[in-house]
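Structure at a glance
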Amino acid sequence: MTTSDTFLNGRVTVRQPETGFRAGLDAVMLAAAVPEGVTALELGAGAGTASLCLAARIPSMSITGIEIDPDLVQLASDNAAANGMQTRVRFAVANIFALPLECKREYDCVLINPPFHGEGRPSPDPGRARALMDEGALGDWLQAGLKRVISGGTLTAILRADRLNEALAALPLTGVSALPLWPKAGEPARRVLVQARKGSGAAFCLLPGLILHDASGAYTQEADAILRGQAALA
């Protein structure tokens, strides 16, 4: 069973599994943080939400999504067609650590929404467990993505904020920035966007971040503009 969900104020429609892991705000924020470029690669694409949101924001970009679950790849391909993006957004079945030859190239941008949890008790739902549990391999995900980035290009990932230290340990010492996503003003960040520019010598930069909700629980003006596709994350 699947549900039909809309993103970017209705500009993107995505069918995704009714149960198991489901894409939402994280996918939209990830897509909004990717800089402009000609080509992009998404590792762990799921039903294609982040890739399709990125394609909607940058109509000139060609995107390849890699996903290990064949059913999700079929769903993502159907979603691309339903949104009229099938000529420039394509999905392939593969393990991100064993990419097919045609994907072993360099891209302007690589984006990743990796499994959020390391070691622990997995979900009884196999798809959700695969999407959420990396079994301690977060660093491997990031290094696999960076390997596919062209010199001067970017790797962008959204992570649990308390795993930022793991991410920084796996990334270069220079050219990396982090942008926290604060649930509300004064609350600890739960998510963080990390971006590495390959070959950059710039010192690590912790950016001011984005507050998602105001005191009433409604989205802030800045967050709402991103979720509606009216703004990108610089």
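Reference entry: report on the structure contained in this document. Computed from a predicted structure; not experimentally measured.

The rules behind the values
Residues numbered from 1 in each chain as written. Predicted model: local features only at pLDDT ≥ 70, side-chain atom pairs only at ≥ 80, totals over all residues. Heavy atoms only, no water. Helix = DSSP H or I, 4+ residues; strand = E, 2+ residues; numbered from the N terminus. Pairing = 2+ DSSP bridges. Buried < 20%, exposed > 50% of the residue type's maximum accessible area, 1.4 Å probe, protein only. Right-handed = clockwise from strand over helix to strand, strands pointing away. Phe/Tyr/Trp six-rings, centres within 6.5 Å; stacked < 30°, edge-to-face > 60°. Lys NZ or Arg CZ within 6 Å of the ring centre and 35° of its normal.

A word on the environment of I96
Inspection of the secondary structure assignment puts I96 in the loop between β5 (89-93) and β6 (107-112). For I96 and D140, which are 44 residues apart along the polypeptide, the C-alpha to C-alpha distance reads 9.8 Å.

Observations regarding the pairing of strand β1 (residues 2-7)
When β1 meets strand β2 (residues 12-17), the two strands line up antiparallel, connected through six bridges. Counted as the bridge partner of T6 is T13 from β2. Where β1 folds back on β2, the antiparallel hairpin that results is connected by four residues, among which L8 adopts a positive phi of roughly 55°.

What about the pairing of strand β4 (residues 62-67)?
Among the six residues of β4, five are classified as buried, and the element is accordingly described as predominantly covered. Note that strand β3 (residues 39-43) and β4 share five bridges and pair parallel. Across the sheet, the residue bridging to E42 is G65, located in β4. Note that β4 and β5 share five bridges and pair parallel. Counterpart to E67 in the pairing with β5 is V93. Note that the unit made of β4, helix α3 (residues 70-82) and β5 has a crossover that is right-handed.

A short note on unusual backbone geometry
Even without being a glycine, L8 presents a positive backbone phi close to 55°. Here L8 shows up in the loop between β1 and β2. Although it is not a glycine, N9 adopts a positive phi angle of roughly 60°. Its location among the elements puts N9 in the loop between β1 and β2. According to the relative accessible area criterion, N9 is exposed, its value standing at 54%.

Description of the packing of aromatic side chains
Counted by the stated rule, this structure contains one aromatic pair. Residues F97 and W141 carry aromatic rings whose centres are separated by 6.3 Å and whose planes lie at 80° to one another, so their mutual orientation is edge-to-face. You can see F97 sitting in the loop between β5 and β6 and its partner W141 sitting in helix α5 (residues 138-147), a full 44 residues away along the chain. According to the relative accessible area criterion, W141 is buried, its value standing at 13%. The positively charged end of R105 is found above the aromatic ring belonging to Y107, 4.5 Å away from the centroid.

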